[in-house]
Amino acid sequence: MVEALNAALHRLFEERSSLHLLGEDVLDPYGGAFKVTRGLSTRHPERVLSTPISEAGITGVAGGLALAGDQAIVEMMFGDFAALAFDQLLNLISKSVTMYGDRLPMPVVVRCPVGGNRGYGPTHSQSLQKHFLGVPNLALYETSPFHDPYAQLAEGLDGGPAMLFEDKVLYAQRMFCDGVVDEHYGYALLGGPTGWAHVSSVDGAAADVVLICPGGTAHRALDAARLLRARGLVAHILVPARFYPPDLEPVLPLLADARLVAVAEESTEGGTWGAEIAARVHTRIWAQLRAPVLLLSSADSVVPTAPHLEAGVLLGAERIAEEIEATAGRPLPPHAPAAPLVVAGPETAGTGAGEPRAAGPKGAEPVAGVPVAVPKLNNNDTAYVVLQWFADEGAHIDEGDPLVELETSKAVEEIAAPAAGYLRVRAAEGSEVGVGELLAELLTEPPAAPALTAAAERVAASRSAAVPVAAPAQEPGPAARTHVLDRAQQGTAAVVTRAHREVPVAFAVVEVTADAVLARLRTLSDETGAEVGLPEAVVKAVAAAHPAFPHLFGTLVDERTVRLADTVDIGVTVDAGNGLYIPVLRDCAARSLADISDDLMDFRMKALRAEFTAGELSGGSLSVSLNTEPGVLFVQPIVMAPQLCMVSVGGPLTRFVLTDGVPTSATVVTLGLAYDHRVVNGRDAVAFLRAVADALHDAEQLVKLVD
């Protein structure tokens, strides 16, 4: 997203000679707090102005430029500070459009980084969009992973004034393109490039729920849709590019056909955008709605800095899914799908009735109690293995109790009971279950003995099978010392065990002189303001080797077929002391070292707080094990299926070499490659490592790599 915004600004500056940009610290090499304005002041030095810390002053100057016939984009360093510019927006810029007798163009866009989930605390994490709703002549936009920010900025300037809210969590996220979200979801734009993104499942399932949200909440809405699908409800998502004034015409038929309409946003409740949407939807299609619009907001609180407190305040995917599931589970009036869309006027608003019907998942197998379906745990897998049930058939389970353990391709996940009840097992230990399939039921009464399912019988049989009886293990006495593995380490153990069991791995290692690359990286850090080091350089060097060694970045489909990766998405090991994570750096070949450095810093913070999403930990085509502490000789990594290779990099070491007969010191690092011997042979492995080493050592290649 940050690259898309940067490209949009560069394009606008090339097209519009009267366009100016004003903000704090926007000049190169800093390029703004989030690097959105990088490169603009170098190419257009007279039109990019770094200003004093005065949001009211900056915005007032932008209004003056517009009144004089120029165009202006204002960057608020943090959207929270737009409150300081409220008077200029309300009483100068927006009013100037019409208060001088003739309609006057006011091409001003105020960009505001907003939102939490970054640990920035109460005054740098707010979503203040609702405070600017309803200001005459002021249009409001929000960036999203579906919409081109160029179209938003251009429309905002041409129809100005406008504000563009940019959720900070989107800056480092990839844009969706070509109508594809992932293997399960796609999207289409309704109403043009600044209209609505309609996200739906690729299997064409009709919507039980339509979830409306601004762009910053889109990823949480997608995660909620995956959770709901596992629980038997199909959710479609609508994301607008311009959220005020809203144009509901393109989406009214979809809203009228849904069992439930919900609006999710990160702001606190009261005077919200969601309330505005609900009022308009109720007015237009009240006769077709089968329930009031559900409004979902963050808690009525300031945004804390501590990650666990921040997560408790801000609206998240789990709460979105829970609220929707609870509301959709109530009896709702039926809807006749063939009925035409009726636009409600004053004479019809508030009418409409029908017989209640019991809610239930579309096409789901009838169940006698609360169903427990297989959730979507990561984007790589469509099925998981049932490792163990934590309770026996017929046992009473309380809501939130550990219920069953599933093994994914990356970790072991524990599923908790969604409700209280008596357990009826539907999937045996050791069986493979697909996403959305039924794991168990939680009944209101104990199941009768004849009602044992075949799966439950297999579980019971496996637990009572005749085995040699050993003496019970000696319980540790009062003086015994023990160390209990936490869930993160147990997950790591499961992945490593599977790798050693399934992948015939081999290993190769080379040594590379690193003085030149380390010196160049220090210079680059000074130039860009980003902390660029050896890890970023290794990632770029590995990505640069992709065209010559595409099969090393592939996935083994069967004994003779490797699926090649279209983009170089590289996983990197991160361990902040509370578990090993391997988040994925996206499209490494096309991105700068500074951008990769920013992502790695973000990963380290998320590792410290243990707040990675499943999407961030999946989809890599090759991984790099980073062990760059001084003195680390080399590391032999594993290969994580379905990947075929993992590169390791050790720490800097000092070697003494003879140069023209004179002993001189040199800094070296070791590069290792663990590789799946079914696909990669030793010759290719060494050639690949040499290519990576050459990219780090050779002067010409080094310049291409870092610049």
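Residues numbered from 1 in each chain as written. Predicted model: local features only at pLDDT ≥ 70, side-chain atom pairs only at ≥ 80, totals over all residues. Heavy atoms only, no water.

Let us look at the nonpolar core. Grouped together as the largest cluster of nonpolar side chains are 53 residues, with contacts concentrated most on Val542, Val572, Val624, Leu671, Leu673, Phe688 and Leu696. With residues near it in sequence (within four places) discarded, valine 542 still touches Phe553, Ile570, Leu622, Val624, Val647, Phe688 and Val692. Listed in part, the 47 residues of the second largest apolar core include Leu248, Leu255, Ala258 and Val293. (Core = buried A, V, L, I, M, F, W, Y, C linked by side-chain atoms within 4.5 Å. Buried < 20%, exposed > 50% of the residue type's maximum accessible area, 1.4 Å probe, protein only. Contact = heavy atoms within 4.5 Å.)

Our focus in this paragraph is the sheet that holds strand E20 (residues 432-434). With respect to topology, four strands assemble into an open sheet ordered E18-E17-E15-E20, the strand pairing being antiparallel. At either margin of the open sheet sits one strand with a lone partner, and together these are strand E18 (412-416) and E20. Strand-to-strand twist across the sheet, computed as the mean angle between neighbouring axes with direction ignored, equals 40°. When strand E15 (residues 383-389) meets E20, the two strands line up antiparallel, connected through three bridges. Note on E20: the bridge partner recorded for valine 385 is glutamate 432. (Pairing = 2+ DSSP bridges. Helix = DSSP H or I, 4+ residues; strand = E, 2+ residues; numbered from the N terminus. Axes fitted to C-alpha atoms, helices over the stretch in contact; angles between N-to-C directions.)

The general pattern is negative phi for most residues beyond glycine and trans for most peptide bonds. Aspartate 28 connects to proline 29 through a cis peptide bond whose omega is 10°. Within the secondary structure, proline 29 is located in the loop between strand E1 (19-23) and helix H2 (40-43). The amide bond that connects glycine 160 to the next residue, proline 161, takes the cis arrangement and shows omega of 10°. One can find proline 161 in the loop between helix H5 (149-158) and strand E6 (162-167). Unusually for a residue other than glycine, asparagine 117 sits at a positive phi of about 65°.

Moving on, we get to a nonpolar patch on the surface. On the surface, Leu67, Met99 and Tyr100 cluster together into a nonpolar patch covering about 300 Å² of accessible area. Its place among the elements puts methionine 99 in the loop between helix H4 (86-93) and strand E4 (108-114). (Patch = residues over 30% accessible without salt bridge, like charges linked within 9 Å, V, L, I, M, F, W, Y side chains within 5 Å. Areas by Shrake-Rupley, 256 points an atom, 1.4 Å probe, with all protein chains shown as cover. Salt bridge = Lys/Arg side-chain N within 4 Å of Asp/Glu carboxyl O.)

Here we take up the confidence of the model for the protein chain. For the protein chain, the mean per-residue pLDDT works out to 84, and 86% of the residues sit at or above 70. Overall, residues 331-367 carries pLDDT values under 50, and its contacts beyond four positions in sequence, including any with other chains, amount to 59 contacts. For residues 449-477, every residue scores under 50 in pLDDT, and the model assigns this stretch 23 contacts once sequence neighbours within four places are set aside. (pLDDT = per-residue confidence, 0-100.)

Below, the discussion takes up the pairing of strand E3 (residues 71-75). With five of its five residues buried, E3 lies for the most part within the structure. What you see with E3 is no split at all: Gln71, Ile73 and Glu75 on one side and Ala72 and Val74 on the other are buried throughout. In the sheet, E1 pairs with E3 via five bridges, with the strands oriented parallel. Paired with leucine 22 across the bridge in E3 is valine 74. Relative to E4, E3 is paired through four bridges, and the arrangement is parallel. When the sheet's bridge partners are listed, isoleucine 73 is paired in E4 with valine 109.

A word on the packing of helix H3 (residues 55-67) against H4. Relative orientation of the contacting elements H3 and H4 amounts to 25°, with a least axis distance of 8 Å. The orientation of H3 with respect to H4, classified from their angle, is roughly parallel. Here H3 runs over H4; the crossing is right-handed. Here Ala56, Thr59, Gly60, Gly63 and Leu67 of H3 come into contact with H4, specifically with Gln88, Leu89, Leu92 and Ile93. Residue composition of the contact of H3 with H4, grouped by class: five nonpolar, four polar and no charged. (Parallel < 35°, antiparallel > 145°, perpendicular 65-115°, else oblique. Left-handed = near helix turned anticlockwise from the far one by under 90°. Nonpolar A, V, L, I, M, F, W, Y, C, P; charged D, E, K, R; others polar.)

Let us now look at the sheet that holds strand E9 (residues 209-212). One open sheet holds the six strands; their spatial order is E7-E8-E10-E9-E12-E13, and the pairing between them is mixed. If you trace the sheet from one side to the other, it starts and ends with strand E7 (185-190) and strand E13 (294-298), each paired once. Averaged over all adjacent pairs, the angle separating strand axes in this sheet is 25°, with direction ignored. Packing against the sheet, helix H6 (residues 218-230) makes contact with E7, strand E8 (196-201), E9, strand E10 (235-240) and strand E12 (260-268), and its axis sits at approximately 170° to E10. Taken strand by strand, helix H8 (residues 273-285) contacts E9, E10, E12 and E13, and its axis lies near 155° from that of E12.

Let's shift gears to the environment of valine 505. Mapped onto the fold, valine 505 is located in strand E22 (residues 505-513). For valine 505 and leucine 673, which are 168 residues apart along the polypeptide, the C-alpha to C-alpha distance reads 9.9 Å. Excluding its chain neighbours within four sequence positions, the residues that come into contact with valine 505 are Val639, Ala674 and Tyr675.

Okay, the pattern of salt bridges next. Taken as a whole, this structure holds 26 salt bridges when the rule is applied. Among the ionic pairs, glutamate 441 bridges to arginine 424, the shortest N-O distance being 3.9 Å. Taken together, the positions of glutamate 441 in strand E21 (residues 438-443) and arginine 424 in strand E19 (residues 421-425) put the pair 17 residues apart, joining distant regions of the chain. The exposure class assigned to glutamate 441 is buried, which follows from its relative accessible area of 0%. Take arginine 424: its relative accessible area is 14%, and that puts it in the buried class. Connected via shared salt-bridge partners are Glu3, Arg591 and Asp599.

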